[in-house]
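Structural features, examined
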Amino acid sequence: MAAFFMNVLYYILFTALLMVIFLLVLDKLNSSMDTQIVEIDGMHYMVPVFNGFQKDPRMIKDVGSVLVCESLAEIMNQKVKMNYPVPGAKSVTTGNSIFADCYHPETDTMADYHPKAHWKYEGPTIYNNDENDFYDRHALEQIKKEHISKNKIHYVEVPHLVDMCTYNKDTEEYDCDEHKDRAKRKESIKNYLREQLAMIY
């Protein structure tokens, strides 16, 4: 008889545990669910749209980011901070901080390197799972720039065309070399930074 009651108790506890797990999963799904109005046969209906568990697009980190920070430190003859959070800049999706590649506290200057994947979507890659990631990244960039401006921080963007490409006057296009020597890339970046900083200060 005691064994029977023990089995019943275990069954009740197991069922209760399953219910708790189910309710937690359901709550998570509801928090990631939007709705939209669709028209079917002239009638309008509100239907759920599951967006999945929201997350920010993967941060693009390129050797160019390192070269920009190294160059900025050498120009200023002082250390710079890498992957520095922009004051007040948060993702509207996750609430996570948004970062700049480099920050020089003494002059209140931030700098970012933007590789090709930042400017152009070329299908799924390690950076962009889909076009949504690509456009979400640009939305985060806009938030970043707004807060950089709001905080009156000096800001320089270094596009990949600066260190990876050469402008061809005949074709009026850029010829890019993805295997360009690191030292030459850094030299180009440093010259570009000097020009941009001269216009800022």
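Treat the numbers as computed from the prediction; the structure is a model and nothing was measured.

Thresholds, definitions, all that
Residues numbered from 1 in each chain as written. Predicted model: local features only at pLDDT ≥ 70, side-chain atom pairs only at ≥ 80, totals over all residues. Heavy atoms only, no water. Pairing = 2+ DSSP bridges. Helix = DSSP H or I, 4+ residues; strand = E, 2+ residues; numbered from the N terminus. Axes fitted to C-alpha atoms, helices over the stretch in contact; angles between N-to-C directions. Contact = heavy atoms within 4.5 Å. Parallel < 35°, antiparallel > 145°, perpendicular 65-115°, else oblique. Left-handed = near helix turned anticlockwise from the far one by under 90°. Nonpolar A, V, L, I, M, F, W, Y, C, P; charged D, E, K, R; others polar. Expected span 1.5 Å × (residues − 1). Buried < 20%, exposed > 50% of the residue type's maximum accessible area, 1.4 Å probe, protein only. Disulfide = S-S within 2.5 Å. pLDDT = per-residue confidence, 0-100.

Pairing between sheet strands relies on hydrogen bonds along the backbone, with the strands arranged either parallel or antiparallel. Strand order in the open sheet made by the four strands is β3-β4-β5-β6, with mixed pairing throughout. One side of each edge strand has no neighbouring strand; the edge strands of this open sheet are β3 (81-90) and β6 (154-159). Strand-to-strand twist in this sheet, taken as the mean axis angle between neighbours without regard to direction, amounts to 45°. Sheet analysis places strand β4 (residues 97-104) next to strand β5 (residues 109-114), joined by three bridges and oriented antiparallel. Residue pairing in the sheet places Cys102 in a bridge with Ala111 of β5. Each of β3, β4, β5 and β6 touches helix α2 (residues 63-76); the most contacted strand, β4, lies at about 40° to it. Packed on one face of the sheet, helix α4 (residues 131-150) meets β3, β4, β5 and β6 and runs near 85° to β3.

We now examine the packing of α2 against helix α6 (residues 182-200). Direction vectors running N to C along α2 and α6 enclose 55°, while the axes themselves pass 9 Å from each other. In terms of their interaxial angle, α2 and α6 are classed as oblique. Note on packing geometry: the crossing formed by α2 with α6 is right-handed. Between α2 and α6, the contacting residues are Val63, Gly64, Val66, Leu67, Val68, Glu70, Ser71, Leu72, Glu74, Ile75 and Met76 on the first element and Arg182, Arg185, Lys186, Ile189, Lys190, Leu193, Arg194 and Leu197 on the second. When the residues that make up the contact of α2 with α6 are grouped by side-chain class, the tally is 10 nonpolar, two polar and seven charged.

Attention now moves to α2. In this model α2 runs 20 Å from its N-terminal to its C-terminal C-alpha over 14 residues, within 8% of the 20 Å that 1.5 Å per residue would give. Every buried residue of α2 is accounted for by Gly64, Ser65, Leu67, Val68, Cys69, Ser71, Leu72, Ala73 and Met76. On the buried face of α2, the contacting elements are β3, β4, β5, β6 and α6. Within two residues after α2, Asn77 carries a phi angle of roughly 60°, on the positive side.

A few words on the state of the cysteines. Linking two cysteines covalently via their sulfur atoms produces the bond known as a disulfide. Per the stated rule, a full pass over the model turns up two disulfides. Between the sulfur atoms of Cys69 and its disulfide mate Cys102 the distance is 2.0 Å. Where Cys69 bonds to Cys102 through sulfur, the torsion about that S-S bond is close to -90°, and the disulfide is left-handed. Here Cys69 is found in helix α2, whereas its partner Cys102 is found in strand β4, with 33 residues between them in sequence. A residue is classified by how much of its surface remains accessible, and Cys102, at 0% relative accessible area, is buried. The disulfide bridge from Cys165 ends at Cys176, spanning 2.0 Å between sulfur atoms. Across the S-S bond of Cys165 and Cys176 the torsion is about 100°, and the bridge reads as right-handed. You can see Cys165 sitting in strand β7 (residues 165-168) and its partner Cys176 sitting in strand β8 (residues 173-176), a full 11 residues away along the chain. Among the residues examined, Cys165 registers a relative accessible area of 8% and is labelled buried. For Cys176, a relative accessible area of 45% corresponds to the partly exposed category.

On average, residues of the chain carry a pLDDT of 81, and 72% of them reach 70 or more. Within the model, pLDDT remains below 50 along residues 31-41, and this stretch shows 28 contacts once partners closer than five positions in the same chain are excluded.

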